[in-house]
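Residue-level structural notes
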Amino acid sequence: MKSKEIKVLVLGGNGFVGNEIVRQLMQMNHVTPLIGSRTLSDKIVQGVAALKIDSTNLLELKDGLKEVDAVINCVTGDATTITQGAQLICEAATLSGMPKIIHLSSQSVYGAQTGVISENTPLRDDLGWYGHAKIAAEYAVEDYGKNGGTAIILRPGCISGKDSPLWTERIITWLKKGKLGDLGASGDGWSNIVDVADVAQAATKALNVSLREGEVKIFNLSAPDSPRWNQYFVDLGVSIGATPIKRISNRAIKLDAYLLGIPIKIIEHIFKKVHIKATWLPHGIPPSLLKLFRQEIKLDSTKATTELELMWNPYHIMLQNQIPASPEIPDKIS
Amino acid sequence: MIKSGNSIAHNIVIETDICIVGAGAAGIPMALEFEQTITKVLLLESGDFKEEKETQDLYSGSVSNKTMHSPPDKYRQRRFGGSTTIWGGRCVPFDPIDFERRSYIPQSGWPINVDDLADFYPKANSYLEAGYYCYDARNAFNPVPKPMFEGFTSSAFSTDGIERFSCPTDLGKRYRNRFAQSSNIDLLLNANVIAIELNNPGTEVDFLQVATLNGNAFKVKAKSYILAMGGIETTRLMLVSNNIHKNGIGNHNDILGRFYMCHIAGNVGRLKINGTTSKVQHGYEISPEGIYCRRRIQLTAEKQKELGVSNMVARLHFPKITDPSHKSGILSGLFMAKNFVSYEYGKRLKDDEENTLKLKAKHFLNILTDPFNTFKFLLHWLTKRTLAERKFPSVILPNESNQFSLEVHAEQIPNKNSRIYLTSEKDALNMPKINVDWQYLTEDVEAVKKTLKFFSEEIAKDEIGNFEFDADNLETELMRFGAYGGHHIGTTRMGDNPETSIVNKDCRVHGVSNLYVASSSVFPTSSQANPTLTITAIALRLAAHMKTMK
């Protein structure tokens, strides 16, 4: 058997995005993937070596990064995990021969800005703790470059896929319960939906990008044909049979978000403090999502298309990829 | 960005790439097509976000025959969103035959065909929030529903065509946020275009004169100008702008303002279907995307050609509302509430019968003796229409007897004598007002008569029931309320020949290199379909055309 040429550590390789990245790395002849994860569950991709690594633990990171050619950071969690994790990964990489870092960021670093957003658009820290943490994490990666390291930052929009907890699973739950549907003007923002397969494709292709010493490149990731939120909700709802799709007024969705969403968040927070999982709680629509559903922000992914040579999954394929037992998507959607 | 014309410095010249006049079913989608481009678009709107009497009065004018056409300030709204602020929401595409030159219909034939709109109808459907672009009941629903009439085998009539209903969406309210957030599309409210100024040979628009009701005035200079002010107002502005072209812009052959069409409409006859009520699908069906849809009865294109008749559709309708013998508490309730219904929808409830105390008492008795159905109806109306954002489109009664009248909506044959023209009376901005002289032809009524007679034969042939109507009295029934309100078609007709039309197939005014029209006024024929969906589609086609220009 031919020996593999480069070794790639996928931090967060046990999660939704990390899993897909590992799967795609396994298809590459010259790559040996290695999973780094805080918990080693049965979700781990079979046939791939896995290490227990907490990304907020420098020692574990240093061990994991030994003899690694590249590290892909798709760890997520609370603000500390995101920010401190990125800082420590960069620190450990600096101490371990400066491997290339591929860092998964988010469109939330652009904050509440509107219009067509390219990678040159200045960041804006006005979206709460998540955006703030993601910006701080990017700064750590930029500093890694300033210290002579090479890195690629990927800024995906909303990542969909049948295991996507945020942009597929909970949306499907809300569609089935009639809490989401066609929102009219309240759902008129661009979804910037991107298939997890395309995010993984970008991460794997980033491995082959030649970078000068100290160079950090940034790519937006949003399917060029990603629709506005209303279209996404209607098409997904029709695809899963949550029909007829309901038209939901601005008044109704606000009532849901503020009267139900906020109290649920508070209860969740209290239970978390006392280390009790509150999975039985209903999913209220958080008010922050209402702002996102209206936000006229369109990520420009031209750079990823041209420089990474991404072959995007068309929208109707992306929809099919989200449905657990895939019924046929009506032709009218495409 | 959104601004008011009153905030613009007096007498300045605003420069832009494309200036669109009128923010309604054509202007709003067209402007939004330039989102995320480098093209600078200025959308001028006479009104504000809400109706204002002084602005609405700018629409006032006269009609030659008040029983045949509504006053010009009715069915039209001079404000952001235009007449989509009051429309009923019915969406139907034109049929392929509508675009054809038909030997039996003089002046028929478009310089484009239905395929030229194929890319734009689905997008128009989306802007108008009418769901997926599918107008065939056999594909629109899941599972496939029952046929409209069980046992109806006629190959000459289609009953699978559907109409889809928008919310009805007020485009101003729906898309206001996009304008507010756009960096290259400016919306200017309270800005009335009072003249189109051409260069001296009359081959190009030099600038637009704009005025506000508060006395401000300024100019707009653009590379291209698009008039999207509706089927009457666009024509009025072109007639008024007669400095260079003495009879109005592009009007070298007395075509501008002529061939004015609406639709021929009315409730006719009595259709009785045999057997149980389950054999008839008479009401609204809901598509998977949540859109209210309804079937229509329509003669096929082949049979239309064979019979030499213009296009028309018929929907199943309830009995005559003013006649209390229907015993329906719901209909009597509607009759009693007619004065609380808006002009646009109340008109056809009023009929022409004398509103006596005795008549009112009979209707009141109907309400008292049919309380359960009346309450059920009111509750449904409250929850599914009054309070709902996607509104139940119209009154549908439970089918208890398999008896209906047919609600006819028919094409009007182009007629040069049917026209709008300027009068000597002026509005608050010193612009001449218009007079509407709507006329129909005997052939319009004859076409409906032929189609209905043939329908009657086809129903009888299958022995599923019978359809009877008073052929001698058909003209009276169809003209009881005159022209179908709100559909203003044909006064800047599209064609290849400048001698018989005003705009070419790209909606550009013949002989004027940078002036376009996006309105139902460019339709050379009126189809059976309500015009809004096609207005939006044709506007989107024009926007695509503008994008290809340097």
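What you see is a predicted model; the values in this text were computed from it and never measured. (Residues numbered from 1 in each chain as written. Chains lettered and ligands numbered in written order. Predicted model: local features only at pLDDT ≥ 70, side-chain atom pairs only at ≥ 80, totals over all residues.)

1. Regarding the overall build of chain A
Helices and strands together make up the secondary structure of chain A, namely 11 helices and 11 strands. Projected onto its principal axes, the C-alpha coordinates of chain A cover approximately 55 × 45 × 40 Å. Intrachain contacts of chain A at a sequence separation of at least 6 include 76% that bridge at least 24 residues. (Helix = DSSP H or I, 4+ residues; strand = E, 2+ residues; numbered from the N terminus. Contact = placed C-beta atoms within 7 Å.)

2. So, the packing of helix H3 (residues 79–94) of chain A against helix H4 (residues 128–146) of chain A
Residues and elements named next belong to chain A. Put simply, H3 and H4 touch, their axes get as near as 8 Å, and they point 5° apart. Comparing the axis directions of H3 and H4 gives the class roughly parallel. Taken together, the residues of H4 that come into contact with H3 (itself represented by Ala 79, Ile 82, Thr 83, Ala 86, Gln 87, Cys 90, Ala 93 and Thr 94) are Trp 129, Ala 133, Lys 134, Ala 136, Ala 137, Ala 140, Val 141, Asp 143 and Tyr 144. (Axes fitted to C-alpha atoms, helices over the stretch in contact; angles between N-to-C directions. Parallel < 35°, antiparallel > 145°, perpendicular 65-115°, else oblique.)

3. Considering the sheet that holds strand E19 (residues 432–437) of chain B
All names here are of chain B. Within the open sheet, the three strands sit side by side as E4-E19-E18. Their pairing is mixed. Unpaired on one side and paired on the other, strand E4 (62–63) and strand E18 (419–426) mark the two borders of the sheet. Here E18 runs beside E19; their pairing, made up of five bridges, is antiparallel. Across the sheet, residue Tyr 421 finds its bridge partner in E19, namely Asn 435. (Pairing = 2+ DSSP bridges.)

4. What to know about the interface of chain B and chain A
Every contact between the two is made by 18 residues of chain B and, on the other side, 20 residues of chain A. Considering each element in turn, the side of chain B that touches chain A owes the most residues, five residues, to helix H5 (residues 171–181) of chain B. Classifying every residue of the side of chain B that touches chain A by side-chain character gives six nonpolar, six polar and six charged. (Nonpolar A, V, L, I, M, F, W, Y, C, P; charged D, E, K, R; others polar.)

5. Regarding the environment of Ala 222 of chain B
Residue and element names in this part refer to chain B. On the secondary structure map, Ala 222 appears in strand E11 (residues 217–227). C-alpha of Ala 222 to C-alpha of Ile 18: the two residues are 204 residues apart in sequence and 5.6 Å apart in space. The residues contacting Ala 222, other than those within four sequence positions of it, are Thr 16, Asp 17, Ile 18, Cys 19 and Leu 42.

6. Overview of the environment of Met 1 of chain B
Here Met 1 of chain B lies in the segment before strand E1 (2–4). Excluding anything up to four places from it in sequence, Met 1 of chain B contacts Ser 182 and Asp 186 of chain B.

7. Structural notes on the sheet that holds strand E6 (residues 157–158) of chain B
Strand pairs in the sheet, formed through backbone hydrogen bonds, run parallel or antiparallel to each other. All names here are of chain B. Taken together, six strands build an open sheet; the order of strands is E6-E15-E16-E17-E12-E20 and the sheet is antiparallel. Each end of this open sheet is capped by a strand with a single partner; those strands are E6 and strand E20 (465–468). Taken together, the two bridges between strand E15 (residues 297–299) and strand E16 (residues 312–317) define a ladder with antiparallel strand orientation. Of the residues in E16, the one forming a bridge with Gln 298 is Val 313.

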